[in-house]
Number of protein chains: 2
Amino acid sequence: MEFSSKLLENAVNEVAMLPGIGKRTAMRLVLHLLKQPSEQTQLLTEALTKMRNEIIYCQNCHNISDNTICEICNNTTRDHSIVCVVEDVRDVMAIENTRMYKGIYHVLGGKISPIEGISPSQLNIISLVEKVKQQKVSEIIFALSSTMEGDTTNFYIFKQIKEFNINVSTIARGISVGDELEYADEVTLGRSLLHRIPFESSIKSM
Amino acid sequence: MEFSSKLLENAVNEVAMLPGIGKRTAMRLVLHLLKQPSEQTQLLTEALTKMRNEIIYCQNCHNISDNTICEICNNTTRDHSIVCVVEDVRDVMAIENTRMYKGIYHVLGGKISPIEGISPSQLNIISLVEKVKQQKVSEIIFALSSTMEGDTTNFYIFKQIKEFNINVSTIARGISVGDELEYADEVTLGRSLLHRIPFESSIKSM
């Protein structure tokens, strides 16, 4: 693309650095901002700058927070002995939306991924093992994505905490609620058979 | 969505104001920026702010430019008597990429669209008619999208300039180069038959 203006080119290039946004989309977004009042650009850039510079991670669970201890960790009505291990803040939000979980979280900040160059030392694993060591925790629930990276991360953490003899569980894999059986992939269907549950307990959760 | 941080929520909401970007995509982009060094956010916000506040529109053709007269209008080797009427800067870039056009442009800044509330007075139409009136122009080429809004805009401008007896043309509508005939829609195919060209002139442009 040949741009008629350096300012435009620069803005498009910076927006196109974002994941999943190509040059054409970046151009569309930038031209949209140009058509809007300049206040919109100002609000956008201020919100991003403020967020990037002032955001705090909870000292206990590493979740994104406005304080040094997040609202969930600060909530005394929650069960602090159950820790749900998740990848990032989106997973915390997804689980909170279910209103089914009353324990606390531990946000790893990613998954072990040799391809993307993410090693265990870049994740918040040491502080999790430390929590287990200090016997503050009775159960760890792994709630990572059901991918090779997720399974690797689960296994890596499990190896480090199994000596402390606490309950370690993982969220159930199976047929999604509302799904037709014939369209389910065979691995998921196989696992859902293997890990079948008593019918009576399935009624209770409805 | 319930956010664990006001700063995060604010940033996500501002990014989600952009066209075609929903809350989930906005969240993904914002979390990406959080994982990158803060310099990337700084470069992005600075580029957007600078672009929005300092960008200049060419006084002659209304294209986005770094100077009061853009490079194309400043180029004395181009034919200033042929004016190609386009919607926005993306169309200028697309036509420039063909390297087939040596005239100048007139950027309208949009199309007449009652649905989106864009009236002729919001577009750069008066200055185009003025150029024609002053007899600076020998040919006007309409190169707007082949939509109802594009056709309306073409017709609106045509009515205002036809009294000045200049050549008014529109870019050819027809089968795209490389397209299979059987997949073309009937309107396009019909028009391409109606506006057929001598075979010899089609060879020349290859």
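What you see is a predicted model, and the numbers here were worked out from it, not measured in a lab.

Sheet strands associate in pairs through backbone hydrogen bonding, adopting either a parallel or an antiparallel arrangement. Residue and element names in this part refer to chain B. The 4 strands are arranged E4-E3-E5-E6 in an open sheet whose pairing can be described as parallel. The sheet terminates laterally at strand E4 (103–107) and strand E6 (167–170), the two strands that pair on one side only. Strand-to-strand twist of the sheet, defined as the mean angle between neighbouring strand axes without regard to direction, takes the value 25°. Sheet analysis places strand E3 (residues 79–86) next to E4, joined by 5 bridges and oriented parallel. Note that in E4 the partner of Cys-84 across the bridge is Tyr-105. Its contacts with the sheet place helix H5 (residues 89–98) against E3 and E4, and it is angled at close to 160° to E4. Across the sheet, helix H6 (residues 126–133) touches E3, E4 and strand E5 (139–142), and the angle it forms with E4 is around 145°.

Another aspect to go through is the interface of chain B and chain A. Listed as interface residues are 54 residues of chain B and, on the opposing side, 54 residues of chain A. Carbon and sulfur atoms supply 69% of the area buried between chain B and chain A, which totals about 5,000 Å² over both sides. Put simply, chain B and chain A have 0 salt bridges between them. On inspection of chain B and its partner chain A, the count reaches 12 residue pairs in polar contact (both at pLDDT 80 or more). When contributions to the side of chain B that touches chain A are tallied by element, the ones reaching two or more residues are helix H1 (6–15), helix H2 (23–35), helix H3 (38–54), strand E2 (64–65) and H5 of chain B. Per-element accounting of the side of chain B that touches chain A gives the leading share, 14 residues, to H3(B). Here the residues of the side of chain B that touches chain A sort into 27 nonpolar, 15 polar and 12 charged.

Attention now goes to the environment of Leu8(B). Tracing the sequence through the fold places Leu8(B) in helix H1. Owing to a relative accessible area of 0%, Leu8(B) belongs among the buried residues under this scheme. As a C-alpha pair, Leu8(B) and His62(B) span 54 residues in sequence and 38 Å in three-dimensional space. Every residue in contact with Leu8(B), bar those within four places of it in the chain, is listed here: Met51(A), Ile55(A), Ile64(A), Val89(A), Phe3(B), Met27(B), Val30(B), Leu31(B) and Leu34(B).

Turning to the nonpolar core, a few remarks are in order. Counting residues in each nonpolar core, the largest one holds 44 residues, and the members touching the most others are Leu8(A), Val15(A), Leu48(A), Leu8(B), Val15(B) and Leu48(B). Judged by nonpolar contacts, the second largest core, of 31 residues, contains Cys58(A), Val85(A), Val86(A) and Val132(A).

Another point: the domain arrangement of chain A. By convention, interface size is frequently given as the accessible area that disappears when the constituent parts associate. Taken domain by domain, chain A comprises domain 1 (6–54) and domain 2 (71–171). A straight line from the C-alpha centre of domain 1 of chain A to that of domain 2 of chain A covers 35 Å.

Moving on to the UniProt feature "domain: Toprim" (unreviewed entry) in chain A. Cross-referencing UniProt, the feature "domain: Toprim" (unreviewed entry) maps to residues 81–176 of chain A in the present numbering. The span residues 81–176 of chain A is 33% helical and 20% strand by assignment, and the distance between its end C-alpha atoms comes to 29 Å.

So, about the sheet that holds strand E3 (residues 79–86) of chain A. Residues and elements named next belong to chain A. Ordered by their spatial adjacency, 4 strands build an open sheet running E4-E3-E5-E6, and the pairing between neighbours is parallel. Edge strands, defined here as strands with exactly one partner in the open sheet, are strand E4 (103–107) and strand E6 (167–170). Taken pair by pair, the neighbouring strands of this sheet meet at an average axis angle of 25°, ignoring direction. Relative to the sheet, helix H6 (residues 126–133) contacts E3, E4 and strand E5 (139–142), its axis offset from that of E4 by approximately 145°.

Time to look at the pattern of salt bridges. Residue and element names in this part refer to chain A. Enumeration over the complete set of coordinates arrives at 10 salt bridges over all chains. The residue Lys-111 makes a salt bridge to Glu-87 at a minimum N-O spacing of 3.5 Å. Of the two residues, Lys-111 sits in the loop between E4 and H6 while Glu-87 sits in the loop between E3 and helix H5 (89–98), which places them 24 residues apart along the sequence. Assessed through its relative accessible area of 17%, Lys-111 is described here as buried. For Glu-87, a relative accessible area of 15% translates into the label buried.

Quick look at the pairing of E3(A) now. Residue and element names in this part refer to chain A. Where the polypeptide runs from E3 across H5 and back to E4, its parallel neighbour, the crossover connection is right-handed. Sheet topology note: the E3/E5 ladder contains 4 bridges and is parallel. Across the sheet, Val-83 pairs through a bridge with Ile-140, a residue of E5.

With that settled, consider the relation of the copies chain B and chain A. Rotating chain B by 180° and moving it 0.0 Å along the rotation axis overlays it on chain A with an RMSD of 0.1 Å. As the rotation angle and translation indicate, the two copies are arranged about a two-fold axis. For chain B, the smallest separation between a C-alpha atom and the rotation axis is recorded for Thr45(B), amounting to 2.5 Å. Looking at chain B, 100% of its interface residues are interface residues in chain A too, so the copies touch through the same face.

So, how was this worked out
Residues numbered from 1 in each chain as written. Chains lettered and ligands numbered in written order. Predicted model: local features only at pLDDT ≥ 70, side-chain atom pairs only at ≥ 80, totals over all residues. Heavy atoms only, no water. Pairing = 2+ DSSP bridges. Helix = DSSP H or I, 4+ residues; strand = E, 2+ residues; numbered from the N terminus. Axes fitted to C-alpha atoms, helices over the stretch in contact; angles between N-to-C directions. Contact = heavy atoms within 4.5 Å. Buried area = accessible area lost by both parts, 1.4 Å probe. Salt bridge = Lys/Arg side-chain N within 4 Å of Asp/Glu carboxyl O. Polar contact = N/O pair within 3.5 Å; in protein donor to acceptor, adjacent residues only side chain to side chain. Nonpolar A, V, L, I, M, F, W, Y, C, P; charged D, E, K, R; others polar. Buried < 20%, exposed > 50% of the residue type's maximum accessible area, 1.4 Å probe, protein only. Core = buried A, V, L, I, M, F, W, Y, C linked by side-chain atoms within 4.5 Å. Domains from an automatic or database assignment. UniProt positions renumbered as here; feature names shortened; annotations may be inferred. Right-handed = clockwise from strand over helix to strand, strands pointing away. Least-squares fit on C-alpha atoms with pLDDT ≥ 70 in both.

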